[in-house]
Each structure stands twice: as C-alpha cells, then as structure tokens.
Amino acid sequence: MKLEYKRELDHNYLVLEEEQGEQREGYEIYMLEENQIPGLLSCTLQRINQRQRFFYEVTSRQSLDLLLERKRLDYTDLIHILEGIRRALSGAREYLLDVNHLLLRSEYIYVNLDLDLPEFCYFPYYERAVREQFFELAEYLLGKLDRQDRLGVELGYEIYKMASEENCSIEEILKLREKYSGDKEKAAKQIRLTWEEPERAARYRVAEPVNVYGEAVEQGAQEPRGKLMEE
C-alpha cells in the first residue's frame, strides 16, 4: 500500500494506492465513491492506466499520531475516540461494507484540533481483523495518556484490559463510551480509582489554658496560689 499527500487549491488529500494485485471494481468501491458514510473520510477515486488512487479528504484535519506528538490524551479525548470508532463501524455496516477494511492505525485516523469525532480511512485493499487492530490501537493510546488526568488514565487502562481479553467483543468495549460519557463527576464514581488518597495532615487544637483546679483562665491571668483547703 502506497501512501502520499496531495494538495489541490484549498483541499488536502491523503492518497492511498494498492501497488500489487488486480485492480478491483464492485459494490464497496461504488458505495465509497457515491456516499458520505458516517465516521469515514470522504473518498474519491482516480483511475489512470489501470491504476486506482483513493483520495481521502483531510482538509482542516491532521492524523492522530501527528497530533499526539504535541499533546497528551485525556478523558474527553478517549471518549471522542471511542465515539469515532463506534460511528465508523456503524456507518460501514449500514452500507454493508466489510469492517475489516477499516484502518484503525493512528496515522490513518484524522481529527481536528479538539480531537472531536475522529474519521477513519476505509481502503478496500486492506484487510485485517478489526478486533486485532483495536487491541493495537488501545496499546498505542496507553503510551499517550496524560498521567495527570486520573480519570483518563483509569479509562485508558480499562479499554486496554478489555481489548486484551479474547472473549471480549469490540462492541462491549465501545459500551464504555456510554457508561462513562456525560457528567465527569458521575463518571469518577463509576470508575474504580486505584490511586491512594494522600494522607491528611494531622490537625491539632490548641488547648485552652487552665489553672490547677482545671478551670479555664484568660491568657495572661495569674494562676491562684496556695493549696486547696478542706472546709
């Protein structure tokens, strides 16, 4: 698979081309050309001398791996990534496309500066189990987490833990988005936090001054002298 970038007037494109094997035509390519599929990058196809070049519109976007060279992932970013994957899988299935042709690698995931609603490449010549790709993506995201965002770190490790379980489907993992999205304080109660709370500093109350009889006296007052006399 050959990758290049191309700029035309006010548009930027990611261009993919399969250099080996027969060129394909058919349902998937037709659906990709004729529709704007939710969660997938808009695509046009250029055919020249038996070559097929797929142009993906990436104007005003950048790849996830490039963005994460300058920032760290937080809780909200992870929620957006899960939502983006859900939309891409749902969109592909709605148009009867094979989800194993999706590219879940960070260099093919395109986002805006807020990392809101990522969009994915769908390349008919690429084929790899989306479940395996998701595990590798989850592992990659672990190394990009903002360690100061405790909630984001917990969610990131929860995603990775579920992705590493053979009997856990990608749909179950994506349900984390529904469970933890929305109110951040509510989400904090739902996620098991493993960090220990710092010990509270001990508090001391200054005792009131008392005399030899145990009675409170004003500061600076003279304590009565003499012994207690029996009546």
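In what follows, the structure referred to is the one given above.
For the structure given in this document, a descriptive report is provided here. (Residues numbered from 1 in each chain as written. Predicted model: local features only at pLDDT ≥ 70, side-chain atom pairs only at ≥ 80, totals over all residues. Heavy atoms only, no water.)

### Quick word on the sheet that holds strand β5 (residues 62-63)
As a reminder of what qualifies: Between any two strands, at least two bridges found by DSSP are needed for them to pair. Secondary structure counts use DSSP, requiring at least four H or I residues in a row for a helix and at least two E residues in a row for a strand, with both numbered from the N terminus.
Across the sheet, which stays open at both edges, the 4 strands sit in the order β5-β7-β8-β6 with antiparallel pairing between neighbours. Since the sheet does not close on itself, it has two edges, and those belong to β5 and β6 (102-103), each with one partner. Here strand β7 (residues 109-111) pairs with strand β8 (residues 119-122) via 2 bridges, running antiparallel. Looking at the pairing, I109 lines up with F120 of β8.

### Observations regarding the pairing of strand β3 (residues 43-48)
Sheet analysis places β3 next to strand β4 (residues 51-57), joined by 6 bridges and oriented antiparallel. Bridging across to β4, C43 finds its partner in Y56. Here β3 folds back onto β4 in antiparallel fashion, the turn holding 2 residues, of which N49 has a positive phi close to 50°.

### Some words on the packing of helix α3 (residues 75-94) against helix α4 (residues 130-142)
What counts is decided by this rule: Comment: axis = line fitted to C-alpha atoms, over the contacting stretch for helices; angle = value between 0 and 180 degrees taken between N-to-C directions. In what follows, roughly perpendicular refers to angles from 65 to 115 degrees, roughly parallel to angles under 35, roughly antiparallel to angles over 145, and oblique to any angle outside these ranges. Helix crossings are classified by the rotation of the near helix relative to the far one: an anticlockwise turn of less than a right angle makes the crossing left-handed, while a clockwise turn makes it right-handed. We call two residues in contact whenever any of their non-hydrogen atoms come within 4.5 Å of each other. Lys, Arg, Asp and Glu make up the charged group, whereas Ala, Val, Leu, Ile, Met, Phe, Trp, Tyr, Cys and Pro make up the nonpolar group; the residues left over, Gly among them, are polar.
Where α3 meets α4, the axes come as close as 13 Å, and the angle between the chain directions of the two elements is 165°. What the angle tells us is that α3 and α4 run roughly antiparallel. Here α3 runs over α4; the crossing is right-handed. Residue-level contacts link L78, I81, L82, I85 and L89 of α3 to V130, F134, L137 and L141 of α4. Residue composition of the contact of α3 with α4, grouped by class: 9 nonpolar, no polar and no charged.

### Some thoughts on the packing of aromatic side chains
Let me state the cut-off plainly: Only Phe, Tyr and Trp rings are paired, with Trp represented by its six-membered ring, and only when their centres lie within 6.5 Å; those with planes under 30 degrees apart are stacked, over 60 edge-to-face, the remainder tilted. For every residue, the accessible area obtained with a 1.4 Å probe (protein chains only) is divided by the maximum for its type, and the residue is called buried under 20%, exposed over 50%, and partly exposed between those limits.
The full count for this structure, using the stated rule, is 5 aromatic pairs. Ring geometry for F54 and Y125: centres 6.1 Å apart, planes at 80°, overall edge-to-face. Of the two residues, F54 sits in strand β4 while Y125 sits in the loop between β8 and α4, which places them 71 residues apart along the sequence. Judged by centre distance (5.5 Å) and plane angle (50°), the ring pair of F123 and Y125 falls under tilted. For F123, a relative accessible area of 0% translates into the label buried. Accessibility expressed as a relative area gives 11% for Y125, which makes it buried. One aromatic cluster in this structure is built from F54, F123 and Y125.

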